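Geometric and topological summary
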Amino acid sequence: MQEIRLIRKEPEIVFALSGEIDSGNADEFYEEVTAVYSNQGGNLVFNCAELEFIDSTTLGTFVKLLKKVKQDGYTLRITEIQPRLKKLFVICALDQIMEIEP
């Protein structure tokens with residue numbers, strides 16, 4: 001189960017993620033984020049301190065979101081991600097295209 005909580009809308013759109021995001025709910029995750037983003041635009045920040053699990057579908061969803069915001073001139077940043085989850089981004093070299101903070 002996942003929880004996506006909108007923390008702040010300005011100056012950046014900040015979401016807190018918790019639980020698990022995988023192939024079963026990645027589309028829902030994408031839709032929730034893009035619904036907020038489409039209303040105003042802006043830099044996206046994902047606080048992942050309580051995120052427990054992601055899979056390759058989730059990585060792909062982050063890439064889709066990155067492409068969307070970059071096209072509009074904004075950025076995407078992932079913060080407070082657990083080392084074992086960050087390792088997935090590093091293995092796939094996604095840390096080279098998006099900002100991932102410890």
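It should be noted that the structure appears before, not after, this text.
A brief look at the structure comes next. Every value quoted in this text rests on a predicted model; they were computed, and no experiment measured them. (Residues numbered from 1 in each chain as written. Predicted model: local features only at pLDDT ≥ 70, side-chain atom pairs only at ≥ 80, totals over all residues. Heavy atoms only, no water.)

**A look at the environment of Glu20**
Of note, Glu20 is situated in strand 2 (residues 13–21). By relative accessible area, which is 33% here, Glu20 ends up partly exposed. Distance from Glu20 to Cys48, taken between C-alpha atoms, is 11 Å for residues 28 residues apart in sequence. (Helix = DSSP H or I, 4+ residues; strand = E, 2+ residues; numbered from the N terminus. Buried < 20%, exposed > 50% of the residue type's maximum accessible area, 1.4 Å probe, protein only.)

**What to know about the pattern of salt bridges**
Taken as a whole, this structure holds four salt bridges when the rule is applied. Between Arg77 and Glu12 there is a salt bridge; the shortest N-O distance is 3.1 Å. With Arg77 in strand 4 (residues 76–79) and Glu12 in the loop between strand 1 (2–8) and strand 2, this residue pair connects regions lying 65 residues apart in the sequence. An identical accessibility class is assigned to Arg77 and Glu12; each is buried. Here Arg77 and Glu101 are joined by a salt bridge, their closest N and O atoms 3.0 Å apart. Of this pair, Arg77 sits in strand 4 while Glu101 sits in the segment after strand 5 (99–100), and the two are 24 residues apart along the sequence. A relative accessible area of 28% places Glu101 in the partly exposed class. Each of Arg8, Glu12, Arg77 and Glu101 takes part in salt bridges that share partners, so that together they form one network. (Salt bridge = Lys/Arg side-chain N within 4 Å of Asp/Glu carboxyl O.)

**Re the packing of aromatic side chains**
For the structure shown, the criterion picks out six aromatic pairs. Ring centres 6.2 Å apart and planes at 90° place the aromatic pair Tyr37 and Tyr74 in the edge-to-face group. Here the residue Tyr37 occupies a position in helix 1 (residues 26–40), and Tyr74 occupies one in the loop between helix 2 (56–71) and strand 4, the gap between them amounting to 37 residues. Judged by its relative accessible area of 5%, Tyr37 falls in the buried class. In this structure an aromatic cluster arises from ring pairing among Phe15, Phe29, Phe46, Phe62 and Phe89. The ring of Tyr30 carries the charged tip of Lys64 above its face, separated from the ring centre by 4.1 Å. (Phe/Tyr/Trp six-rings, centres within 6.5 Å; stacked < 30°, edge-to-face > 60°. Lys NZ or Arg CZ within 6 Å of the ring centre and 35° of its normal.)

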